[in-house]
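Secondary and tertiary structure notes
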Amino acid sequence: MAQKAELDRVDRALLTALSKNARASGAALAAEVGVAESTVSLRLRRLQSLGTVRGYRVDVDLVSLGVSLQALIAIRLVKHDRSEIDAFRNAVPHLPGVIGVFHMAGAEDYLLHVAARDAEELREFVLAHLTGHPAVAHTETNLIFEHAEGDGWQKLVG
């Protein structure tokens, strides 16, 4: 878990620049932020050690791989037994097609973001991995028609 970091203008500018292009070179980042390349390197290591920057990821177009269907699946657990919750939480991110897992407050306990090649594969995922799971009481699947990445988090950086 990340520590609460005190971020100055350079840190904030660096995070903004990385959000636009995480593959930018140290020289390009330095030019955009207005500091020396060595400063960029030191600041990036600091932000990584604090847990503020958790990694750099590739954004794969799933449709180009033949995976054209995405869904959000709400899950309600049978009971809130710690061992069952932990077992479910530890297993779910590794199921085929799972993109993200959200543990939530409210009527539903978890929300899974799942990708599948088609409706049949999505149905099989739900039947094979969720409805038969001893910790799962109820599922509700919602198809995603469109998804847009948000950048509003940048306003929180300041």
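The rules behind each value
- Residues numbered from 1 in each chain as written.
- Predicted model: local features only at pLDDT ≥ 70, side-chain atom pairs only at ≥ 80, totals over all residues.
- Heavy atoms only, no water.
- UniProt positions renumbered as here; feature names shortened; annotations may be inferred.
- Helix = DSSP H or I, 4+ residues; strand = E, 2+ residues; numbered from the N terminus.
- Pairing = 2+ DSSP bridges.
- Axes fitted to C-alpha atoms, helices over the stretch in contact; angles between N-to-C directions.
- Contact = heavy atoms within 4.5 Å.
- Buried < 20%, exposed > 50% of the residue type's maximum accessible area, 1.4 Å probe, protein only.
- Domains from an automatic or database assignment.
- Arc of directions from axis to C-beta.

1. Details of the UniProt feature "domain: HTH asnC-type" (unreviewed entry) in the protein chain
Annotation from UniProt places "domain: HTH asnC-type" (unreviewed entry) at residues 7–68. A distance of 40 Å separates the end C-alpha atoms of residues 7–68, which is 55% helix and 0% strand.

2. Notes on the sheet that holds strand 3 (residues 110–116)
Spatially, the four strands line up as an open sheet ordered 2-3-1-4, and their pairing is antiparallel. Two strands lie at the open edges of the sheet, namely strand 2 (98–103) and strand 4 (136–144), each paired on one side alone. Pairwise comparison of adjacent strand axes, ignoring direction, gives a mean angle of 20° for this sheet. Bridge analysis of strand 2 against strand 3 gives five bridges, and the strand direction is antiparallel. Bridge pairing in strand 3 places Val101 opposite Leu112. The strands touched by helix 5 (residues 119–131) are strand 1 (69–77), strand 2, strand 3 and strand 4; relative to strand 1, the strand with the most contacts, the crossing angle is about 20°.

3. As for the environment of Glu84
Relative to the helices and strands, Glu84 resides in helix 4 (residues 82–91). Residue Glu84 is classed as partly exposed on the basis of its relative accessible area, which comes to 24%. In the structure, Glu84 is positioned 51 residues away from Ala135 in sequence and 6.1 Å away in space, judged by C-alpha atoms. In contact with Glu84, not counting residues within four places along its chain, are Lys79, Pro134 and Ala135.

4. Quick look at the domain arrangement of the protein chain
Once the domains are mapped, the protein chain shows domain 1 (9–50) and domain 2 (62–144). Between the C-alpha centres of domain 1 and domain 2 the distance comes to 36 Å.

5. Examining helix 2 (residues 26–33)
Working note: α-helix, 3.6 residues per turn, so residues spaced by three or four point in the same direction. Taken together, the buried positions of helix 2 are occupied by Leu29, Ala30 and Val33. What you see down the axis of helix 2 is that its buried residues fit within an arc of 100°, all on one side. Structural note: helix 2 exposes Ala31 and Glu32 on the side pointing more than 90 degrees away from its buried face. For helix 2, the elements touching its buried residues are helix 1 (9–20) and helix 3 (37–50). Gly34 sits one or two positions beyond helix 2 and adopts a positive phi of about 85°.

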